[in-house]
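Below, each chain spelled out in residue letters.
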Amino acid sequence: MSNIIITDDEPLNIRMAEFVLRKNGYNTISAHSGEECLCAVCGDTDLVLLDLLMPGIDGLQTYERLRSINPQLPVIFLTSAEDSDALEKIKSTGAPLVSKPFRPDTLLSAVRKALSAGK
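(A) A look at the sheet that holds strand E5 (residues 97-99). In spatial order, the strands read E2-E1-E3-E4-E5; together these five strands make up an open sheet with parallel pairing. The open sheet has two free edges, formed respectively by strand E2 (27-31) and E5, since each of these has just one partner strand. Ignoring which end each strand starts from, the neighbouring axes of this sheet average 20° apart. In terms of strand pairing, strand E1 (residues 3-7) meets E2 through five bridges, oriented parallel. For Asn3, the partnering residue across the bridge sits in E2 and is Asn27. The strands touched by helix H5 (residues 104-117) within the sheet are E1, strand E3 (47-51), strand E4 (75-79) and E5, with E3 carrying the most contacts at an inclination of about 135°.

(B) Molecular detail of the packing of helix H1 (residues 11-23) against H5. Where H1 meets H5, the axes come as close as 10 Å, and the angle between the chain directions of the two elements is 65°. Between H1 and H5, the angle is such that the two are roughly perpendicular. By crossing handedness, the relation of H1 to H5 is classed as right-handed. Contact residues: Ala17, Val20 and Leu21 in H1; Pro104, Leu107, Leu108 and Val111 in H5. For the contact of H1 with H5, a count of residues per class yields seven nonpolar, no polar and no charged.

(C) Looking closely at the layout of surface pockets. In this structure, the largest pocket occupies an estimated 170 Å³ of space. By residue class, the composition of the lining of the largest pocket is seven nonpolar, four polar and one charged.

(D) The arrangement of H5 in detail. In this model, H5 (14 residues) spans 20 Å end to end at C-alpha, consistent with the 20 Å of a helix rising 1.5 Å per residue. Looking at H5, one finds that the buried residues are Leu107, Leu108, Ala110, Val111, Ala114 and Leu115. For H5, the angular spread of the buried residues around the axis is 165°, confining them to a single face. Turned more than 90 degrees away from the buried face of H5 sit Lys113 and Ala117, all of them exposed. Contact partners of the buried residues in H5: E1, H1, E3, E4 and E5.

Each value, and the rule that gives it
- Residues numbered from 1 in each chain as written.
- Predicted model: local features only at pLDDT ≥ 70, side-chain atom pairs only at ≥ 80, totals over all residues.
- Heavy atoms only, no water.
- Pairing = 2+ DSSP bridges.
- Helix = DSSP H or I, 4+ residues; strand = E, 2+ residues; numbered from the N terminus.
- Axes fitted to C-alpha atoms, helices over the stretch in contact; angles between N-to-C directions.
- Contact = heavy atoms within 4.5 Å.
- Parallel < 35°, antiparallel > 145°, perpendicular 65-115°, else oblique.
- Left-handed = near helix turned anticlockwise from the far one by under 90°.
- Nonpolar A, V, L, I, M, F, W, Y, C, P; charged D, E, K, R; others polar.
- 1 Å grid on protein atoms, 1.4 Å probe; cavity = no way out; pocket = protein on both sides within 12 Å on 5 of 7 lines; lining within 4 Å.
- Points joined across faces, edges and corners; volume = space filled by probe spheres on them.
- Expected span 1.5 Å × (residues − 1).
- Buried < 20%, exposed > 50% of the residue type's maximum accessible area, 1.4 Å probe, protein only.
- Arc of directions from axis to C-beta.

Here it is in C-alpha coordinates:
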(Lines give C-alpha, C1' and ligand atoms only; values in the text may rest on other atoms or scores of the structure.)
Protein backbone atom coordinates (compact mmCIF):
# COMPACT_ATOMS: atom_id res chain seq x y z
CA MET A 1 0.00 0.00 0.00
CA SER A 2 1.43 3.37 -1.02
CA ASN A 3 2.01 6.19 1.47
CA ILE A 4 0.99 9.62 0.22
CA ILE A 5 1.53 12.97 1.94
CA ILE A 6 -1.23 15.48 1.15
CA THR A 7 0.04 19.03 1.67
CA ASP A 8 -2.47 21.86 1.65
CA ASP A 9 -3.26 24.74 3.99
CA GLU A 10 -7.01 24.25 3.44
CA PRO A 11 -8.38 21.41 5.61
CA LEU A 12 -11.30 20.78 3.23
CA ASN A 13 -8.89 20.13 0.35
CA ILE A 14 -6.99 17.63 2.48
CA ARG A 15 -10.20 15.88 3.53
CA MET A 16 -11.37 15.57 -0.07
CA ALA A 17 -8.06 14.11 -1.24
CA GLU A 18 -7.90 11.79 1.78
CA PHE A 19 -11.39 10.49 1.09
CA VAL A 20 -10.63 9.69 -2.55
CA LEU A 21 -7.24 8.14 -1.86
CA ARG A 22 -8.20 6.10 1.21
CA LYS A 23 -11.29 4.79 -0.57
CA ASN A 24 -8.91 3.48 -3.23
CA GLY A 25 -6.52 1.78 -0.84
CA TYR A 26 -3.83 4.40 -0.25
CA ASN A 27 -2.42 5.43 3.12
CA THR A 28 -2.43 9.20 3.62
CA ILE A 29 -0.64 11.63 5.89
CA SER A 30 -1.87 15.21 6.07
CA ALA A 31 0.43 18.21 6.22
CA HIS A 32 -0.99 21.73 6.56
CA SER A 33 2.16 23.55 5.42
CA GLY A 34 5.35 23.04 3.50
CA GLU A 35 7.23 22.77 6.77
CA GLU A 36 4.93 19.97 8.01
CA CYS A 37 5.36 18.17 4.70
CA LEU A 38 9.14 18.26 4.96
CA CYS A 39 8.97 16.93 8.53
CA ALA A 40 6.61 14.12 7.47
CA VAL A 41 8.74 12.84 4.58
CA CYS A 42 10.45 9.59 5.46
CA GLY A 43 11.87 6.51 3.81
CA ASP A 44 8.46 4.97 3.19
CA THR A 45 6.88 8.04 1.57
CA ASP A 46 5.86 7.09 -1.98
CA LEU A 47 4.31 10.34 -3.23
CA VAL A 48 3.67 13.94 -2.19
CA LEU A 49 0.62 15.95 -3.25
CA LEU A 50 1.63 19.58 -2.92
CA ASP A 51 -0.46 22.74 -2.95
CA LEU A 52 1.25 25.70 -4.60
CA LEU A 53 -0.09 28.64 -2.58
CA MET A 54 0.53 28.22 1.15
CA PRO A 55 1.70 30.53 3.93
CA GLY A 56 5.30 30.08 5.06
CA ILE A 57 7.24 28.21 2.44
CA ASP A 58 5.12 27.82 -0.67
CA GLY A 59 4.75 24.75 -2.83
CA LEU A 60 7.67 25.56 -5.14
CA GLN A 61 10.03 26.14 -2.21
CA THR A 62 8.82 22.92 -0.61
CA TYR A 63 9.36 21.11 -3.91
CA GLU A 64 12.97 22.31 -4.10
CA ARG A 65 13.63 21.15 -0.55
CA LEU A 66 12.01 17.79 -1.28
CA ARG A 67 14.35 17.41 -4.24
CA SER A 68 17.35 17.87 -1.95
CA ILE A 69 15.96 15.24 0.47
CA ASN A 70 14.99 12.68 -2.19
CA PRO A 71 15.39 13.59 -5.87
CA GLN A 72 13.39 10.49 -6.90
CA LEU A 73 10.31 11.14 -4.76
CA PRO A 74 7.30 11.73 -7.03
CA VAL A 75 5.43 15.00 -6.49
CA ILE A 76 2.11 16.16 -7.92
CA PHE A 77 1.14 19.81 -7.61
CA LEU A 78 -2.48 20.50 -6.68
CA THR A 79 -3.47 24.09 -7.27
CA SER A 80 -6.30 26.44 -8.04
CA ALA A 81 -3.78 29.10 -9.13
CA GLU A 82 -4.46 30.65 -12.50
CA ASP A 83 -1.43 32.95 -12.51
CA SER A 84 0.52 32.18 -15.67
CA ASP A 85 3.89 32.82 -13.99
CA ALA A 86 3.11 30.34 -11.22
CA LEU A 87 1.86 27.75 -13.69
CA GLU A 88 5.00 28.18 -15.80
CA LYS A 89 7.15 27.64 -12.73
CA ILE A 90 5.30 24.41 -12.01
CA LYS A 91 5.73 23.27 -15.61
CA SER A 92 9.45 23.99 -15.40
CA THR A 93 9.78 21.44 -12.57
CA GLY A 94 8.46 18.65 -14.76
CA ALA A 95 6.06 17.60 -11.98
CA PRO A 96 2.45 16.89 -12.95
CA LEU A 97 -0.29 19.37 -12.09
CA VAL A 98 -3.87 18.63 -11.05
CA SER A 99 -6.17 21.65 -10.92
CA LYS A 100 -8.43 22.22 -7.92
CA PRO A 101 -11.20 21.55 -7.52
CA PHE A 102 -10.22 18.14 -8.86
CA ARG A 103 -12.36 15.30 -10.07
CA PRO A 104 -11.69 12.06 -8.18
CA ASP A 105 -10.86 10.16 -11.37
CA THR A 106 -8.41 12.87 -12.44
CA LEU A 107 -6.60 12.75 -9.10
CA LEU A 108 -6.49 8.94 -9.09
CA SER A 109 -5.17 8.82 -12.63
CA ALA A 110 -2.37 11.27 -11.80
CA VAL A 111 -1.51 9.35 -8.59
CA ARG A 112 -1.38 5.99 -10.37
CA LYS A 113 0.76 7.40 -13.16
CA ALA A 114 3.20 9.07 -10.74
CA LEU A 115 3.52 5.94 -8.61
CA SER A 116 4.08 3.67 -11.62
CA ALA A 117 6.70 6.05 -13.04
CA GLY A 118 8.52 6.05 -9.71
CA LYS A 119 9.09 2.28 -9.83
